[in-house]
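Spelled out, the chains give:
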Amino acid sequence: MTHPRNPARFEGMGRIALLSETVASQVAAGEVVERPASVVKELVENSLDAGASRITVAIQRGGVALIRVTDDGSGMDREDALLCLERHATSKLRSGRDLAAIATMGFRGEALPSIASVSRFRLTTREPAALAGTEVIVNGGKIEAVRDAGEAPGTQVEVRSLFYNLPARRKFLRSEPTENGHLEAMMQQLAIGNPRVGFTFVRDERTIFQLPAAARLEDRIRDLGGAAMLDELIEIDGSPDDDGRPAIRGFIGKPGVSRGSRADQRVFINGRAVENTTIHHALREGYHTALMKGRHPVTFLFLELPPAAVDVNVHPAKREVRFHRPSDIHDAVVSAVRRSLESARADWARGFHQPDLAAAPTGAIAAPDTAVLFGATDVAHLPTSVPRVAPGEVPPARPAFPMEAPMTSVAPSEVRPPQPGPFRILGVLHRLYVLMEGEGGLVLVDQHAAHERVLFEELRRRLEAGDVHAQRLLLPLTIEVGPRDAEWLCRNLADLQRLGLGLEAFGPGTFKLESLPPFLPVDRPQQLIREVIEELKAAGTDTPRMRLGEEMIAKTVCRHAVKANDRLRGPEIEKLIADLLACELPYCCPHGRPTMIQISHAELEKKFGRRT
Ligand code: ADP
Ligand code: MG
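The rules behind the values
- Per-chain numbering applies: the sequence of each chain, read as written, is numbered from 1 onward.
- To label them, take the chains in the order written and letter them from A, then take the ligands in the order written and number them from 1.
- A pLDDT threshold of at least 70 governs which residues receive local features in this predicted model, and a stricter bar of 80 or more applies before side-chain atom pairs are shown or counted, although totals over entire chains, interfaces and linings include all residues.
- The basis for every side-chain value is the complete set of heavy atoms in the structure, and neither hydrogens nor water enter the calculation.
- In this text, helices come from DSSP runs of H or I with a minimum length of four residues, and strands from runs of E with a minimum of two, each type numbered from the N-terminal end.
- What makes a residue near a molecule or strand is one non-hydrogen atom of that residue sitting within 4 Å of it.
- In protein, a polar contact means a hydrogen-donor-capable atom and an acceptor-capable atom, both N or O and within 3.5 Å, with residues adjacent in sequence counting only if both atoms are side-chain atoms; elsewhere, any N or O pair within 3.5 Å suffices.
- Surface accessibility in these figures is a Shrake-Rupley result with a 1.4 Å probe; residues are shielded only by whichever protein chains are displayed.
- Orientation is described by lines fitted to C-alpha atoms, with helices fitted over the stretch in contact, and by angles between N-to-C directions that extend from 0 to 180 degrees.
- Roughly parallel here means an angle under 35 degrees, roughly antiparallel means over 145, roughly perpendicular means 65 to 115, and every remaining angle is called oblique.
- Should the near helix be turned anticlockwise from the far one by less than a right angle, the crossing is left-handed, and should it be turned clockwise, the crossing is right-handed.
- Working rule for contacts: check all heavy atoms of both residues, and any pair within 4.5 Å makes them a contact.
- Each residue receives one of three labels: charged for Asp, Glu, Lys and Arg, nonpolar for Ala, Val, Leu, Ile, Met, Phe, Trp, Tyr, Cys and Pro, and polar for the others, Gly being one of them.
- Each reported salt bridge corresponds to a side-chain nitrogen of Lys or Arg within 4 Å of a carboxyl oxygen of Asp or Glu.
- Burial status follows relative accessibility: with a 1.4 Å probe on protein chains alone, a residue under 20% of its type maximum counts as buried, one over 50% as exposed, and anything between as partly exposed.

Participant: Could you give me a rundown of unusual backbone geometry, with the residues and numbers involved?
Facilitator: In this structure, Arg-61 is a non-glycine residue whose phi angle is positive, near 50 degrees. For Arg-61, the location among the structural elements is in the loop between strand 1 (54-60) and strand 2 (66-71). In the Ramachandran plot, Ser-161 falls in the positive-phi region, its phi being about 50 degrees despite a non-glycine side chain. Tracing the backbone through its elements, the reader meets Ser-161 in the loop between strand 6 (154-160) and helix 5 (167-172).

Now the structure itself:
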């Protein structure tokens, strides 16, 4: 890299000249070396490719003063130690054909020369069996010294004064704490992606973490994020790697666990951390109503697929990948997430199997026709200004689950008769939270959120079964829309009809609305249709139509569910809980808010100082 290519050939001739090797490397560095964290990534990946079992990374002053990566990998002989600093020098790729089946992290042969061209660089390396190692010193791309060195087997790369010779780049670096943040995030990502490798991270002479080689991903997550982090996760129920589907393993957040950013959404493909919209979309789809709008799932998702099924050569830092069959990957991820959430549900429901009804406290479910007398406190605290139930009086009867008049066709009570629940209801707090005893401890259920979930799944079942029972309007309504929307509506009429929206073309730009799905309010049909058009358009072509029906349901369910402050009677509560436990995703409402929280025995004991 020290020899300028054709130095004088074009002097005084045309306007085009070949760049010197050093300048070319600096240009390449612009792509590969964005910031100190990218240097760490490239160097650690080289160590991983060299088969290291222990990697130590030390940085100083946000990585600008120093980045030192030490490994116990294969090392290099003198010839390779010099060759590796040439552009496009790599031991991992021989021909274009190899590109289709990359099994290493690196393959471009660009990282080392790029990094060496924008820093004061020192490489020491020794093969395990060799008597002596080699030290190479490079400044701003110029090799300054090559000599014997007596280091331990393996390789150590030191990068000092990053971007010292490119002031413009240096200016783009953020504050030290910001760069430190990127560095730590990068170290975590590398450590999670490679649990079998021991990692030590030292920042400004302080050890930030020291992770032993771990046999299981689980151990690595615990070592890095603590037991609390692991508690938030469920293991992915991966499918066997048959019929060519990708093997998927790892952990995902329990329903209700989410983050405001994608920072904890980690995806690895063949060990490589990637950002990929297909997978982001699939995760969202898999969680679906278990995730609130604007929130992101927590994932440690590992996909293994044949190298030929994925192209990693699409991004200079290899952060992005392209799949040859994206829809296969998408579907596999969606179903793995769903399966995992559902099996977690089964585990969770088991905690409620404690048929101990005989021991129910006074006034609980045992007396179906009296007021909600879950202990005297509840009644005593009734505000006098709302004289719905005076102490000792029987409240007016109300339907088990109040609907608006046109909703009768979907009352859940029709579908499943109430069953005595294998749980113990203790009472109702604040006329909102149902208190229950389960095997794991105390469970609080939000009655509104719980009812939303129950109604939502019930309506969705009907939609899936084509059992929507569109409700005829007494007088059909005509609806006018602009020419673009009209054309769009015409194309989607069949889908809309399946959802219970009885809409027919009725002259140019005019439609006749004859029926509505029972769960939609009828008061402003014009506006409703407009909203439906907007939503369908926004959903795009890759969103299943079913999903649109679900969105509409989710929106309206809220209006029909029992509210906070609605007093439920014993059997109503019992049925609500039984219905909830029978749901596919009982632990959150259709908007992703939790329907229940659990306070474990251990937590209670801690709070009461019975255990520390
Ligand atoms: P790439 O990783 O794309 O091959 P690099 O510039 O990162 O390109 O590295 C060039 C070559 O140097 C590698 O192919 C490898 O043979 C060698 N090399 C780099 N780092 C190490 C290391 N830590 N241990 C052993 N060999 C290494
Ligand atoms: Mg590399």
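That was the structure; now back to the text.
Participant: Explain the site of ligand 1 to me, and be specific about the residues and the numbers.
Facilitator: Residues in close proximity to ligand 1 total 20 residues, the closest being Asn-46, Thr-90, Ser-91, Lys-92 and Gly-109. Between ligand 1 and Gly-109, the relevant distance is 2.7 Å, taken from an oxygen atom to a main-chain nitrogen or oxygen of the residue. In this structure, an oxygen atom belonging to ligand 1 sits 2.9 Å away from a main-chain N or O atom of Leu-112. Compared with its free state, where it exposes 530 Å², ligand 1 has 93% of that area covered by protein.

Participant: Tell me about the packing of helix 2 (residues 36-49) against helix 6 (residues 176-193), and please be specific about residues and values.
Facilitator: Relative orientation of the contacting elements helix 2 and helix 6 amounts to 25 degrees, with a least axis distance of 8 Å. Put simply, helix 2 runs roughly parallel to helix 6. As for how helix 2 packs across helix 6, the hand of that crossing is right-handed. Here Pro-36, Ala-37, Val-40, Lys-41, Val-44 and Glu-45 of helix 2 come into contact with helix 6, specifically with Glu-179, His-182, Leu-183, Met-186, Met-187 and Leu-190. Residues of the contact of helix 2 with helix 6, tallied by class, amount to eight nonpolar, one polar and three charged.

Participant: Before we move on, could you go through the pattern of salt bridges and cite the residues and values that matter?
Facilitator: Inspection of every chain in the model, using the stated rule, returns 30 salt bridges. A salt bridge links Arg-222 to Glu-218; the shortest N-O distance between them is 3.8 Å. You can see Arg-222 and its partner Glu-218 sitting in helix 7 (residues 217-231), four residues apart, about one turn around the helix. Taking relative accessible area as the criterion, Arg-222 reaches 33% and is therefore assigned partly exposed. Between Arg-325 and Asp-328 there is a salt bridge whose closest N-O contact spans 2.6 Å. For Arg-325, a relative accessible area of 57% corresponds to the exposed category. What makes Asp-328 partly exposed here is its relative accessible area of 34%. Shared partners join several salt bridges into a network, and the residues in it are Arg-68, Arg-122, Glu-135, Arg-147, Glu-151, Glu-158 and Arg-160.

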